[in-house]
Amino acid sequence: MSRNTKIVLFAFAGILLVVAFAWSYFTRHMGETGLLADMLSERGYSISPSALYVADHESDTSIALMFPDEDLQSIIDASKESGFPSDVDKRGDIVVMLAAIDEESVITLFIIDGQVEFGFIQQTGGNTVLPLAVKVR
């Protein structure tokens, strides 16, 4: 193999590595969890995309149907105070995402058809629900 051929092959391999790293960064930071992490960052929370995880997924339902025997008023109030639409009767594909803030607090997001409908903080030691900070940046 000639010297020029080796240089071309090494350059091509280097370009492929750069493209692979850029693709990995883009998909990690700009996927759905990346966008959610960015939204939470705008509100002052430091949550990495990998810290968000799917806790539940239901198709063609509503939050009210997911929790038929629960009093959802405190969740609705906290979510509305957080600036989310908070319609418990909105139907669609629901994904519940969680992210721990610390040992006692978990951010809970209900996403309906790709849009955050509910967002609030749950205290793990009880039934306390708090609003997420409104945008700080």
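How each quantity is defined
- Residues numbered from 1 in each chain as written.
- Predicted model: local features only at pLDDT ≥ 70, side-chain atom pairs only at ≥ 80, totals over all residues.
- Heavy atoms only, no water.
- Helix = DSSP H or I, 4+ residues; strand = E, 2+ residues; numbered from the N terminus.
- Buried < 20%, exposed > 50% of the residue type's maximum accessible area, 1.4 Å probe, protein only.
- Core = buried A, V, L, I, M, F, W, Y, C linked by side-chain atoms within 4.5 Å.
- Contact = heavy atoms within 4.5 Å.

### Describing unusual backbone geometry
A positive phi angle, near 45°, is found at aspartate 60, a position not held by glycine. Relative to the helices and strands, aspartate 60 is located in strand S1 (residues 53-61). By relative accessible area, which is 53% here, aspartate 60 ends up exposed. With a phi angle near 65°, serine 86 is a residue other than glycine that sits in the positive phi range. Here serine 86 is to be found in the loop between helix H4 (73-81) and strand S2 (92-100).

### Concerning the nonpolar core
Within soluble globular proteins, side chains that are nonpolar tend to cluster in buried spots. Counting residues in hydrophobic clusters, the biggest one holds 17 residues, and the most contacted among them are Leu36, Leu40, Leu52, Ile107, Leu109 and Leu132. Among the elements of the structure, helix H2 (32-42), S2, strand S3 (105-112) and strand S4 (115-123) are those that each provide at least two residues to this core. Broken down by element, the residue count for this core peaks at 4 residues, all from H2. Among residues more than four places away in sequence, those in contact with leucine 36 are Leu52, Met97, Leu109, Ile111 and Val116. Listed in part, the 15 residues of the second largest apolar core include Met66, Leu98, Phe110 and Val129.

### Focus: the environment of aspartate 87
With respect to the helices, strands and loops of the structure, aspartate 87 is situated in the loop between H4 and S2. Residue classification places aspartate 87 among the partly exposed residues on the basis of a relative accessible area of 36%. Measuring from C-alpha to C-alpha, the distance between aspartate 87 and glutamine 122 comes to 19 Å, with 35 residues separating the pair along the chain. Setting aside chain neighbours within four positions, we find aspartate 87 in contact with Glu117 and Phe118.

It is worth stressing that arrangement in space is one thing and function is another; only the former is reported here.
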